[in-house]
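Each chain, letter by letter, is given below.
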Amino acid sequence: MVPAYPLGRRFRDRMGELTQRLAPLADQVFLVTAGFALDLTRLGIPVASKTEQS
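Residues numbered from 1 in each chain as written. Predicted model: local features only at pLDDT ≥ 70, side-chain atom pairs only at ≥ 80, totals over all residues. Heavy atoms only, no water.

Draft legend 1. Highlighting the side chain of Asp 39. Among the structural elements, Asp 39 can be located in strand β2 (residues 36–39). Of the side chains with opposite charge, Arg 42 comes closest to the buried, unpaired Asp 39, at an N-O distance of 4.4 Å. Discounting residues that sit within four places of it in the chain, Asp 39 has contacts with Gln 28, Val 29, Phe 30 and Gly 44. (Helix = DSSP H or I, 4+ residues; strand = E, 2+ residues; numbered from the N terminus. Buried < 20%, exposed > 50% of the residue type's maximum accessible area, 1.4 Å probe, protein only. Lys, Arg positive; Asp, Glu negative; His and termini not counted. Salt bridge = Lys/Arg side-chain N within 4 Å of Asp/Glu carboxyl O. Contact = heavy atoms within 4.5 Å.)

Draft legend 2. Region of the structure containing the pattern of salt bridges. The tally for this structure, following the rule as stated, stands at two salt bridges. Between Arg 12 and Asp 13 there is a salt bridge, with the nearest N and O atoms lying 3.0 Å from each other. Among the residues examined, Asp 13 registers a relative accessible area of 39% and is labelled partly exposed. A salt bridge links Arg 14 to Glu 17, with the nearest nitrogen and oxygen atoms 3.7 Å apart. One end of the pair, Arg 14, and the other, Glu 17, are both in helix α1 (residues 6–22), three residues apart, so they sit about a helical turn from each other. For Arg 14, a relative accessible area of 52% translates into the label exposed. By relative accessible area, Glu 17 is classed as partly exposed at 42%.

Draft legend 3. Layout of the environment of Arg 9. Here Arg 9 lies in helix α1. Those residues within four positions of Arg 9 in sequence are excluded, and the remaining contacts are Val 2, Pro 3 and Ala 4. In terms of polar contacts, Arg 9 uses its side chain to reach the backbone carbonyl oxygen of Pro 3, at 3.0 Å. (Polar contact = N/O pair within 3.5 Å; in protein donor to acceptor, adjacent residues only side chain to side chain.)

The values are spatial; any link to function lies outside them.
Dropping the structure here:
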C-alpha cells in the first residue's frame, strides 16, 4: 500500500522500521489480518533490514 501523501508514506516507513526493531525483542510476533492471526515467529523467515544490508 502506498499512501497518497508524503506524510502518510513517512508514517508507514517509520512504523515498519519500529516494527523491525521491536520484533526481535518479543517472544512472539503475530500478524493479524482479516480475522486471522499468523504466528510470524514460527512461520516467518527473517530478512535483513536496510541498515543491516549497508
